[in-house]
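# Descriptive structure summary
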Amino acid sequence: MIRVAVVGAQGRMGSSVVEAVKAADDMVLSASVGSTGELSDIRTDSTDVAVEFTVPSASLGNVLTLIGQGVDLVVGTTGWTQEKLDQVRQALATAPRKDQAVCIAPNFAISAVLADYFASKAAEYFTSAEVIELHHPDKVDAPSGTAIHTAQAIGQARRRARLASMPDGTQGEAASRGQLIDGVPVHAVRLQGLNAHEEILLGNTGEQLTIRADSFDRSSFMPGVLLAVRTIAAGGHEGLTVGLDQFLDL
Ligand SMILES: NC(=O)c1ccc[n+]([C@@H]2O[C@H](COP(=O)([O-])OP(=O)(O)OC[C@H]3O[C@@H](n4cnc5c(N)ncnc54)[C@H](O)[C@@H]3O)[C@@H](O)[C@H]2O)c1
Ligand SMILES: O=C(O)C1=N[C@H](C(=O)O)CCC1
């Protein structure tokens, strides 16, 4: 049995993970920690993998503390910059266990992971690319971690293909053109009734490709979370892995 601790256990995602772990035949819940709980309860004598879904302002601190306690991690909280990821890599380099592993993924839904992957493949064939993410209004960060990841993948693909900057004749005030991430405009919508959705628009003269992923319910994230837990627990992924795509045979 894989012994799993959940950090952020009272949140929307954390509480779903607690239920998913309880329902999994090969897992047992070893600890569940809320915002006032003690991370010191999560140690390698009782936990194999900790799953962290909290808030962007707390996640790095939680991750560094748990790495220091020798614990492997699956992290779904968003808000990760290159600087923060580098701090995780540094902590892992001096971690108590040599084979310690952390997986940080902005999205565990297979639809979103594939949309991101397809966009990274398609982007080099299109003159223009824009990302629209649409979420429930309780979300604290914008743009979404997934949209940032997608825009960065599109930016990389465009550089690989040596594409020129995108055509855009906008003059003067351009706030409504979205936030540029790696040269890609990203637009964030917050709307009552939505859960988590992303649309990638790719355009050429006379044609358009639209890639869209919809998570209608938080249950959509659970198979990916459990897959990441099983993959980390099985070993062989020491160090930092960013993105669930790294654990899929794409
Ligand atoms: N990777 C994915 O597939 C995926 C899917 C959905 C949401 N998310 C991300 O997961 C994060 C959480 O989303 P949510 O909808 O569950 O938010 P939420 O606000 O419902 O839950 C966050 C929880 O973290 C708790 N918390 C805050 N600080 C804490 C701390 N220091 N230690 C322990 N717990 C603490 C809060 O009390 C709250 O219960 C967000 O960053 C969101 O973008 C990722
Ligand atoms: O509901 C959220 O919050 C979500 N956050 C992630 C993100 O920012 O990409 C994944 C989708 C849901």
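Since this is a predicted model, take the numbers as computed values, not measurements. (Residues numbered from 1 in each chain as written. Chains lettered and ligands numbered in written order. Predicted model: local features only at pLDDT ≥ 70, side-chain atom pairs only at ≥ 80, totals over all residues. Heavy atoms only, no water.)

### Topic: helix α3 (residues 82-93)
Since the α-helix advances by 3.6 residues per turn, residues separated by three or four positions end up pointing in the same direction. Test applied: Helix numbers and strand numbers start at the N terminus; a helix is a DSSP run of H or I with at least 4 residues, a strand a run of E with at least 2. Expected helix span is computed as 1.5 Å times (number of residues minus one). In this scheme, a residue with accessible area under 20% of its type's maximum is buried, one over 50% is exposed, and one in between is partly exposed, where area comes from a 1.4 Å probe on protein chains only. Arc, as used here, means the arc of the directions from the helix axis to the C-beta atoms. A contact between two residues is defined here by any heavy atoms of the two lying within 4.5 Å.
Given a rise of 1.5 Å per residue, twelve residues ought to cover 16 Å, and the 16 Å separating the end C-alpha atoms of α3 matches this to within 8%. Inspection of α3 places Leu 85, Val 88, Ala 91 and Leu 92 among the buried residues, and these make up the whole buried set. For α3, the angular spread of the buried residues around the axis is 115°, confining them to a single face. α3 presents Glu 83, Gln 90 and Ala 93 as exposed residues on the side facing more than 90 degrees away from its buried surface. If you follow the buried residues of α3, they end up packed against α2 (56-68), β5 (101-104) and β11 (239-242).

### Regarding the UniProt feature "domain: Dihydrodipicolinate reductase C-terminal" (unreviewed entry) in the protein
What counts, and what does not: UniProt positions are given in the numbering used here, feature names are shortened, and annotations may be inferred rather than shown by experiment.
Residues annotated by UniProt as "domain: Dihydrodipicolinate reductase C-terminal" (unreviewed entry) correspond here to residues 114-247. The span residues 114-247 carries 28% helix and 30% strand; its end-to-end C-alpha distance comes to 12 Å.

### Topic: the site of ligand 2
What counts here: Nearness here has a simple test: a residue counts as near a molecule or strand if at least one of its heavy atoms is within 4 Å of that partner. Pairs of N or O atoms within 3.5 Å make up the polar contacts considered here, provided that, within protein, one atom can donate a hydrogen while the other can accept it, and that residues adjacent in sequence are counted only when both atoms are side-chain atoms. Each accessible area is a Shrake-Rupley estimate made with a 1.4 Å probe; only the visible protein chains count as cover when residues are assessed. Only Asp, Glu, Lys and Arg are considered charged in this grouping, and only Ala, Val, Leu, Ile, Met, Phe, Trp, Tyr, Cys and Pro are considered nonpolar; every other residue, Gly among them, is considered polar.
By nearness alone, every residue bordering ligand 2 is listed as Thr 78, Pro 106, Asn 107, His 135, His 136, Lys 139, Asp 141, Ser 144, Gly 145, Thr 146, Ala 196 and Phe 221. One of the side-chain nitrogen or oxygen atoms of His 136 is found 2.8 Å away from an oxygen atom of ligand 2. Within the side chain of Lys 139, a nitrogen or oxygen atom sits 2.6 Å from an oxygen atom of ligand 2. When ligand 2 is considered free in solution it has 310 Å² of accessible area, and contact with the protein chains removes 86% of it. Split by residue class, the shell around ligand 2 holds three nonpolar, seven polar and two charged.

### Some details on the site of ligand 1
Contacts to ligand 1 come from 23 residues, most closely from Arg 12, Met 13, Thr 78, Phe 108 and Lys 139. Take Gly 76: an N or O atom from its main chain is 3.1 Å from a nitrogen atom of ligand 1. In the model, an oxygen atom of ligand 1 is placed 2.9 Å from a nitrogen or oxygen of the Lys 139 side chain. Relative to its unbound accessible surface of 860 Å², ligand 1 loses 80% to contact with the protein.

### Details of the sheet that holds strand β7 (residues 179-181)
The condition is simple: Two strands form a pair only when DSSP identifies at least two bridges running between them. Here an axis means a line fitted to C-alpha atoms, over the contact stretch when the element is a helix, while the angle between two N-to-C directions is reported on a 0 to 180 degree scale.
Within the open sheet, the five strands sit side by side as β7-β8-β6-β9-β10. Their pairing is mixed. Either end of the sheet is taken by a strand with one partner, and the two such strands are β7 and β10 (207-215). Across the sheet, the mean angle from the axis of one strand to that of its neighbour is 25°, orientation sign disregarded. Both strand β6 (residues 128-135) and strand β9 (residues 196-204) contribute to a ladder of eight bridges, which runs antiparallel. When the bridges of β9 are listed, His 135 appears paired with Ala 196. Contacting β9 and β10, helix α4 (residues 110-122) crosses the sheet at an angle of about 160° to β10.

### Quick word on the packing of α2 against α3
Put simply, the test is: Roughly parallel here means an angle under 35 degrees, roughly antiparallel means over 145, roughly perpendicular means 65 to 115, and every remaining angle is called oblique.
Here α2 crosses α3 at 10°, and the two axes come no closer than 9 Å. Compared by their axis directions, α2 and α3 come out roughly parallel. Each of Pro 56, Leu 60, Val 63, Leu 64 and Ile 67 in α2 lies in contact with α3, whose residues at this interface are Lys 84, Gln 87, Val 88, Ala 91 and Leu 92. Of the residues assigned to the contact of α2 with α3, the class counts are eight nonpolar, one polar and one charged.

### Concerning helix α1 (residues 12-23)
In this model, α1 (twelve residues) spans 17 Å end to end at C-alpha, consistent with the 16 Å of a helix rising 1.5 Å per residue. When we look at burial in α1, the residues that qualify are Met 13, Gly 14, Val 17, Val 18, Ala 20 and Val 21. Against β1 (2-7), β2 (27-33), β3 (49-52) and α6 (222-234) lie the buried residues of α1.

### Observations regarding the packing of aromatic side chains
The line we're drawing: Two aromatic rings, drawn from Phe, Tyr or Trp (for Trp, its six-membered ring), form a pair once their centres lie within 6.5 Å of each other, and the interplanar angle then sorts them: stacked below 30 degrees, edge-to-face above 60, tilted otherwise.
The final tally for this structure, using the stated rule, is two aromatic pairs. Between Tyr 117 and Phe 118 the ring centres are 6.2 Å apart and the planes differ by 55°, which places this aromatic pair in the tilted class. A relative accessible area of 24% means that Tyr 117 is categorised as partly exposed. For Phe 118, a relative accessible area of 45% translates into the label partly exposed.

### A word on the sheet that holds β3
In a beta sheet, neighbouring strands are held together by backbone hydrogen bonds and run either parallel or antiparallel to one another. One open sheet holds the six strands; their spatial order is β2-β1-β3-β4-β5-β11, and the pairing between them is parallel. Pairing within the sheet leaves two strands with one partner each, and these edge strands are β2 and β11. Adjacent strand axes in the sheet meet at a mean angle of 20° when their direction is disregarded. In the packing of α2 onto the sheet, the strands contacted are β1, β3, β4 (72-75) and β5, and the crossing angle to β4 comes to about 160°.

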